[in-house]
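# An overview of the molecular structure
If you want the building blocks of each chain, they are given just below.
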Amino acid sequence: MPAPVVKKAALAGAAGLTGAGILAWRTQFPWIKYDFQMMQAGKRIMDSVEEANATFVVDKFEAMVDKQPKKTMLIFEDLLFSYEFVDQQANRVANLLRQQGLGEGDTVAMMVHSEPAFVWTFFGLQKLGVTAALINYNLRAKQLSFSIRAAEPKALIVGSGQDLLEAVQDVAGDLPVGLPVLLQGVTPGSGGPPGDMVDMDLLTRHVLPVRPDPSVRSGLTDQSVGAYVYTSGTTGLPKPAFINQQRLKGYTCALQIVGAGPEDVVYTVVPLYHVSGMGIGLLSLLKTGGTIVLRRKFSASNFWSDCRKYKVTIVQYIGEIFRYLLAQPEHELDSVHTVRVAIGNGLRKDIFEKVQKRFKLPMICELFGATEGVSALFNVANKPGAIGRMSPFMERLDPNPKVLVKFDYTTALPIRNRNGRCIRVKPGEPGLFLSRVPDNLVQKGDLSVYKASREANQKKLVRNVFKEGDLYFNYGDVFYVDKDYFVYFHDRIGDTFRWKGENVSTTEVANILSAPDFIDDANVYGVQVPGHDGRACMVALTLSTGERMTPERLQQMHRLCQDDLPSYARPLFLRVLTEAVMTGTFKQRKVELVQQGYDLTKVKDDLYYLDSKAKTYSPLTAEALVSFLQSKL
């Protein structure tokens, strides 16, 4: 999440306003007080970024280790890991991989749960100048094999857990021939790793924990790729987004939004393969010198007890986390904790105040950003539901302004006026969110967003927005601003929607569900579900001529979804169309389908729901719908 940039001189001048000057501004512009609040947070970030630019993240890590070697860096399952110990383990990883012939400029894919091994593996790769391709450990089948191949790795590191081992074994035949697979967490006495896989832990125990000389990464520049973080994007399969060293530096400053320091303990259940987990949670330690508490999986029943046990001061969240916490029975200790800030994204207005009231959180900082984005928004005003601010005053200070423009829902592209320029929306009107691309990121008129995907790169860019030659990044998200210029999320357009904090690619789901010979077409879209953020997956199926849906085929569809799709991408509802819904140019049309959703009063086609208990898709009735929506989706 790149830190927002504002003009330093303007900030300093505005910060110098006092007394009658401030009063006059607030009288004429009552919303200006929120801008001053934003500017204070922005100045903290800006000062931090200037300092961060001096060294690479691996050098910051080693400097922090030398400064406080015995301090606890990680807490995991009641085990404490010092900065020094993590550094030693990272050194072992680096030295082992160097023995294997890997070095600066190479890529290594790592599929590791959110546990200490992820941290020292990541930093071990950084010590060599090796790019870490952070594989989503929920991926299976084609999505997994494609993600690995797309990064063109020289090796694959697989973390502990039978689930990860089995997932990789299932796609072994689709991986590059001869790709070394290093396995962590091999159980002693289990007979060793299967096939040609290597027991990485056994090898690292025989490698010295001394630091590699910095000269092995002497060729690093700000544009060197430090990591690939995957996003489903708009073309189907997961795509590796470039995270260069400059961007990694920016992540170390993220928690300066809330003034984090060495005394802070951050609790994160957000996966470390996400920018939010890896960047805000982990890399921010390199600036604060604080401690992070990791948990392999989110547990609503243990969340607050963990916070009390480890004296947590900052928690990370996605909106669904707080919905699960609110669903827990109320407890007298709900508000007994040391948490001063909750920071994350996806906390909707309808539960914002409920969360604050029940859990007594002094501050909730809602963020908006994107893995491949060029800017970010944040709300430090405790404004329910807001994701940031876009006032005229802030826009004048921002050298890379953010705008909301009119757009076409069908094409997901901006609407142009007679002069070919984009059209700003008015307060309260939904608009497509664009952000001007900083000049230093533009090279030869292009911006590399995804590895080996020029088409996907171009879809993210909008040219000649307000004047000839300007370049903006299209987030594909629709926002609106209120009268005080707070920004609110409205919708997401295009071929991707979010569910359970993950991006779901409509194209990829459609490709998988179109595989059976009795399916002619699969039209995938997201539908809203009461009490849940984001949109759940729904599919409108067109059967091949003369075919019909049978109980056996519904079971087949269930098995296909379970085997080939991650849990968050599995359709909750199936609709069997009597005829395909197409545009005049024979493209899938989703507008009517989304509007009708699974409403039994509007849909005359057969509807089915994901019946996990029966391991099939069962007919959707009014009674079944009530029961299904009340279940844990």
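Everything in this summary refers to the structure shown in the same document. (Residues numbered from 1 in each chain as written. Predicted model: local features only at pLDDT ≥ 70, side-chain atom pairs only at ≥ 80, totals over all residues. Heavy atoms only, no water.)

## Concerning the overall build of the protein
Counting its regular elements, the protein contains 21 helices and 30 strands. Its C-alpha atoms give the protein a radius of gyration of 25 Å, within 12% of the compact-globule value 26 Å for 633 residues. Considering only C-alpha atoms, the protein reaches an extent of 75 × 70 × 60 Å along its principal axes. Taken across its 633 residues, the protein has 58% of its residues classed as buried. Within the protein, contacts between residues at least 6 apart in sequence are counted, and of these 70% link residues at least 24 apart. Positive and negative side-chain charges in the protein, numbering 74 and 66 respectively, have mean positions lying 6 Å apart. (Helix = DSSP H or I, 4+ residues; strand = E, 2+ residues; numbered from the N terminus. Rg over C-alpha atoms; globule rule 2.2 N^0.38 Å. Buried < 20%, exposed > 50% of the residue type's maximum accessible area, 1.4 Å probe, protein only. Contact = heavy atoms within 4.5 Å. Lys, Arg positive; Asp, Glu negative; His and termini not counted. Charge placed at Lys NZ, Arg CZ, Asp CG, Glu CD.)

## A look at the sheet that holds strand E26 (residues 519–527)
If you walk across this open sheet you meet the 5 strands as E26-E27-E28-E29-E30, and the pairing is mixed. Each of the sheet's edge strands pairs with one partner strand only, and the pair in question is E26 and strand E30 (616–619). Across the sheet, the mean angle separating the axes of adjacent strands is 30 degrees when strand polarity is ignored. Note: strand E27 (residues 536–543) against strand E28 (residues 573–577), 5 bridges, orientation parallel. When the bridges of E28 are listed, Ala540 appears paired with Arg575. Lying on the sheet, helix H19 (residues 551–564) is in contact with E26, E27, E28, strand E29 (606–611) and E30; it crosses E30 at an angle near 135 degrees. Against the sheet, helix H21 (residues 622–630) makes contact with E28, E29 and E30, and its axis sits at roughly 35 degrees relative to E29, the strand it touches most. (Pairing = 2+ DSSP bridges. Axes fitted to C-alpha atoms, helices over the stretch in contact; angles between N-to-C directions.)

## Quick look at helix H18 (residues 506–513)
Because an α-helix packs 3.6 residues into every turn, residues spaced three or four apart end up facing the same way. Of all 8 residues in H18, 6 are buried, a share of seventy percent or more. Residues of H18 that are buried include every one of Thr506, Glu508, Val509, Ala510, Ile512 and Leu513, and no others. Packing partners of the buried residues in H18 comprise helix H7 (141–150), strand E24 (496–499), strand E25 (502–505), E26, E27 and H19. If you check the start of H18, you find a side-chain oxygen 3.2 Å away from the backbone N of Glu508, and it comes from Ser505. (Polar contact = N/O pair within 3.5 Å; in protein donor to acceptor, adjacent residues only side chain to side chain.)

## Overview of a negative patch on the surface
Taken together, the side chains of Asp163, Glu166, Asp170 and Asp563 make up a negatively charged region of the molecular surface. Here the element with the most residues in the negative patch is helix H8 (residues 162–170); it accounts for 3 residues. With respect to the helices and strands, Glu166 occurs in helix H8. For Glu166, a relative accessible area of 40% translates into the label partly exposed. (Patch = residues over 30% accessible without salt bridge, like charges linked within 9 Å, V, L, I, M, F, W, Y side chains within 5 Å. Areas by Shrake-Rupley, 256 points an atom, 1.4 Å probe, with all protein chains shown as cover. Salt bridge = Lys/Arg side-chain N within 4 Å of Asp/Glu carboxyl O.)

## Comments concerning the pairing of E25
Looking at chain direction, E24 and E25 are connected through 4 bridges and run antiparallel. Paired with Phe497 across the bridge in E25 is Val504. Hairpin geometry of E24 and E25 is characterised by an intervening segment of 2 residues between the two adjacent antiparallel strands and by a positive phi of about 55 degrees at Lys500.

## Quick look at the sheet that holds strand E11 (residues 291–294)
Strand order in the open sheet formed by 8 strands is E2-E1-E11-E10-E12-E13-E14-E15, with mixed pairing between adjacent strands. A single partner strand is all that each edge strand has here, and the edge strands are strand E2 (79–82) and strand E15 (377–379). Neighbour to neighbour, the strand axes of the sheet diverge by 20 degrees on average, direction disregarded. One ladder, built from 2 bridges, connects strand E10 (residues 265–268) with strand E12 (residues 314–318); its direction is parallel. Residue Tyr267 lies in a different strand from E12, and its bridge partner there is Val315.

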